[in-house]
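# Fold and contact review
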Amino acid sequence: MAHIGVTAPALELAGVGHAYGARTVLSGIDLHLPAGRIHALVGPSGCGKTTLLHLVAGLLPLQDGAIRNGFARSACMFQQPRLLPWKSALDNIALGLKARGVPRAARHAQARDQARRFGLDDTALGQYPQQLSGGMQSRVALARALVLAPDLLLLDEAFSALDVGLKAELYRQLLAEQARRPMAVLMITHDLMEAVRLAHAVWVMAPEPGRIATHFRFDDAPAQRSDAQVYARTAGLLDDATVRASFGLDAPAPAAPLALAAVGGLRC
Amino acid sequence: MIGVFRQWLAGLPAYLWGGWGAIASLLLLLAGWEFASQWLDPLALPDPRTVLATLHGLLTEGEAWAELAITGRRALTGFALSLGVGSALGMLAGLSMTASMMARPWVTVLVGTPPIGWLVLAMLWFGASDGTPVFTVFVACFPPIFIGAMQGVRTLDGQLREMAQAFALPPLQRLFDLYLPHVLSYLFPAWITALGVSWKVVVMAELLATADGVGAALAVTRSQLDTAGTLAWIVAVVGALLAVEYLLLEPVKREVERWRTLA
Ligand SMILES: Nc1ncnc2c1ncn2[C@@H]1O[C@H](COP(=O)(O)OP(=O)(O)OP(=O)(O)O)[C@@H](O)[C@H]1O
Ligand SMILES: [Mg+2]
């Protein structure tokens, strides 16, 4: 599976398909994610985004096509928090470190560090998941993945349960982490603005069966993007005929469609 | 583990205090017994005071402790064997769909075979040794424990299992951090059921197969038509069972399942 080339590691999908029983949910997915880049995956509900992420994480057997994952360490955050109800938040965050054999004191220190950056205090860390709010649970789940310092981070709607302030803070954390070391991120989101704010590329999926309809590149650094730029690009994305068709929006685009290219988006 | 023990000690007073309701309901039972004994021939049902006096006599003479210790050793040995083997095999069977489907009919056969049948077999195999009651207890305790463990594993949330796979939990961590905490909530009730079974079955086995233990003492009281003595032994056995269950298993269960009650 590991793909060691002269170039930096990458995640590469070629012609990936998947069926649950007789029902085909994914077909002919080609995707390329290089090291140090953030790619967003958007698409209507039920088009197979989670399935695709699980295939990449190796949680589903590959039925069709090829996946080459050149990254040494991947970590995954699921659409549901999936925390162990019998472990404190701190022990939940430290779970992957424990699996790697990190001694107790060290893994707790690392987990506490990561949690602080996500605004989780010691009280919250001592509590069981059922005692935490939904947003706190998803921060614990995100911390559990990030504390592993992965080269490939897979996020399934990581930020959807958070308020705008927390979202902005976690975006900042993610970009800072990503500036420190070349971490590739594949993030599923329902929020086009989030995709446009964080990602170097946005892959748009269409349903029945799930496939890549189109994808856009944004070459500037995400941390440098202004709000105005993000709004303009989101509007541009929403005006795109392919995107509208993928999400089942009314076909006719507004009279004067905003050219995405004018605000820095390149259709690939 | 030491932490669990310390918390068990710390929680004991509050736990005992909370037991007043149970004690009151036991006293009510005693009152019913007293009432019934007034209408019946003392040879059929002696009143509780006579029985408790007989028990007191047995305990102070020291005879009862020795017999109870022998019976307790046999019951707990069989129970512990069943607890270990049944829990382990049940969990293994739960991991595989095929194994659980295959195991079901076997367990039904085990449940359906009367303990007295096992006892006769055990007498043929082990004679008058400790092996006979211990084996009979083991076989009688096995089905509920096995089924509890198997169901515990089968009902573990598939999403959590996927999560454990994604985070590459090694097998031992998977056992202690993922499976056991969930399975324990199925195992504890099963263990408590099996513990009750073990005391009943051990007395029956001793009655028919051994020369010592509470069961053998019961055989003697029966031959002497000593109803008070019989009831005294029964009270002693039930008391020992209650002590093991409520002073040991129940508090440990509370401690281990604390995450559930806090939620
Ligand atoms: N375990 C499963 N067994 C059978 N069908 C499944 C299973 N998981 C998902 N599906 C089906 O596959 C399709 C794709 O599901 P998936 O969860 O990948 O969608 P999604 O794009 O992540 O949707 P959402 O945005 O709502 O999370 C859905 O129609 C769903 O019904
Ligand atoms: Mg999904």
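Placed above this text is the structure.
Below you will find a few notes about this structure. (Residues numbered from 1 in each chain as written. Chains lettered and ligands numbered in written order. Predicted model: local features only at pLDDT ≥ 70, side-chain atom pairs only at ≥ 80, totals over all residues. Heavy atoms only, no water.)

## Some words on the interface of chain B and chain A
Across the boundary between the two partners, chain B contributes 20 residues, which contact 22 residues of chain A. Per-residue buried area on chain B facing chain A is highest for Phe167, Asp177 and Trp259 of chain B; these three make up 34% of the total on that side. At the boundary of chain B with chain A, the tally comes to three salt bridges. Its salt-bridge partner being Glu162 of chain B, residue Arg82 of chain A comes within 2.6 Å of it at the nearest N-O pair. Elements supplying a minimum of two residues to the side of chain B that touches chain A: helix 8 (158-166), helix 9 (171-209) and helix 12 (258-262) of chain B. For the side of chain B that touches chain A, the element with the most residues is helix 8 of chain B, which contributes six residues. Counted by class, the side of chain B that touches chain A contains 13 nonpolar, four polar and three charged residues. (Contact = heavy atoms within 4.5 Å. Buried area = accessible area lost by both parts, 1.4 Å probe. Salt bridge = Lys/Arg side-chain N within 4 Å of Asp/Glu carboxyl O. Helix = DSSP H or I, 4+ residues; strand = E, 2+ residues; numbered from the N terminus. Nonpolar A, V, L, I, M, F, W, Y, C, P; charged D, E, K, R; others polar.)

## Some details on the site of ligand 1
All names here are of chain A. Around ligand 1, a shell composed of 13 residues is seen, among which Arg23, Ser45, Lys49, Thr50 and Thr51 lie nearest. At 2.9 Å from an oxygen atom of ligand 1 is found a side-chain nitrogen or oxygen belonging to Gln79. If ligand 1 stood free it would expose 640 Å²; the protein chains cover 63% of that surface. Where the shell around ligand 1 is concerned, the elements lending two or more residues are strand 2 (23-34) and helix 1 (49-56). (Near = heavy atom within 4 Å. Polar contact = N/O pair within 3.5 Å; in protein donor to acceptor, adjacent residues only side chain to side chain. Areas by Shrake-Rupley, 256 points an atom, 1.4 Å probe, with all protein chains shown as cover.)

## So, the nonpolar core
Ranked by internal contacts, the top residues of the largest apolar core, which has 133 residues, are Leu155 and Phe159 of chain A. In this structure, this core is formed jointly by two domains, domain 1 (10-73 + 151-267) and domain 2 (81-149) of chain A, each of which donates at least three residues. Residues within four places of Leu155 of chain A in sequence aside, it is in contact with Leu53, Met77, Leu142, Leu174, Val185, Leu186, Met187 and Ile188 of chain A. With six residues, the next largest nonpolar core counts Ala93, Ala103, Phe142 and Phe146 of chain B among its residues. (Core = buried A, V, L, I, M, F, W, Y, C linked by side-chain atoms within 4.5 Å. Buried < 20%, exposed > 50% of the residue type's maximum accessible area, 1.4 Å probe, protein only. Domains from an automatic or database assignment.)

## A few points about the environment of Ser138 of chain A
Residue and element names in this part refer to chain A. Counting through the fold element by element, Ser138 comes out in helix 6 (residues 134-146). Judged by its relative accessible area of 8%, Ser138 falls in the buried class. When sequence neighbours within four positions are dropped, the list of residues in contact with Ser138 reads Met77, Ala158, Ala161 and Leu162.

## Topic: a nonpolar patch on the surface
Residues and elements named next belong to chain B. A cluster of nonpolar side chains, contributed by Ile116, Val120, Leu121, Met123, Leu124, Trp125, Phe126, Leu207 and Leu208, occupies part of the molecular surface with about 840 Å² of accessible area. Per-element accounting of the nonpolar patch gives the leading share, seven residues, to helix 6 (residues 115-126). Within the secondary structure, Leu121 is located in helix 6. (Patch = residues over 30% accessible without salt bridge, like charges linked within 9 Å, V, L, I, M, F, W, Y side chains within 5 Å.)

## Regarding the environment of Ile67 of chain A
Relative to the helices and strands, Ile67 of chain A is located in strand 4 (residues 64-69). Sequence-wise, Ile67 of chain A and Leu55 of chain A are 12 residues apart; in three dimensions their C-alpha atoms are separated by 8.4 Å.

## Concerning the coordination of the magnesium ion (ligand 2)
Residues and elements named next belong to chain A. Protein-derived coordination of the magnesium ion (ligand 2) comes from Thr50 (OG1) and Gln79 (OE1), at a distance range of 1.9 to 2.2 Å. Here the residue Thr50 occupies a position in helix 1, and Gln79 occupies one in the loop between strand 5 (74-77) and helix 2 (89-93), the gap between them amounting to 29 residues. Since its relative accessible area comes to 24%, Thr50 is described here as partly exposed. Judged by its relative accessible area of 38%, Gln79 falls in the partly exposed class. (Donors = N, O, S within 2.8 Å, 3.2 Å for Na, K, Ca; no water.)

## Thoughts on the pairing of strand 1 (residues 10-20) of chain A
Residue and element names in this part refer to chain A. Examined bridge by bridge, strand 1 and strand 2 share eight bridges and lie antiparallel to one another. Pairing of Val16 across the sheet is with Ile29, part of strand 2. Remark: two residues form the turn of the hairpin made by strand 1 and strand 2, two consecutive strands paired antiparallel; Gly21 in that turn has positive phi of roughly 60°. Both strand 1 and strand 4 contribute to a ladder of five bridges, which runs antiparallel. By the bridge assignment, Ala14 is partnered in strand 4 with Ala66. (Pairing = 2+ DSSP bridges.)

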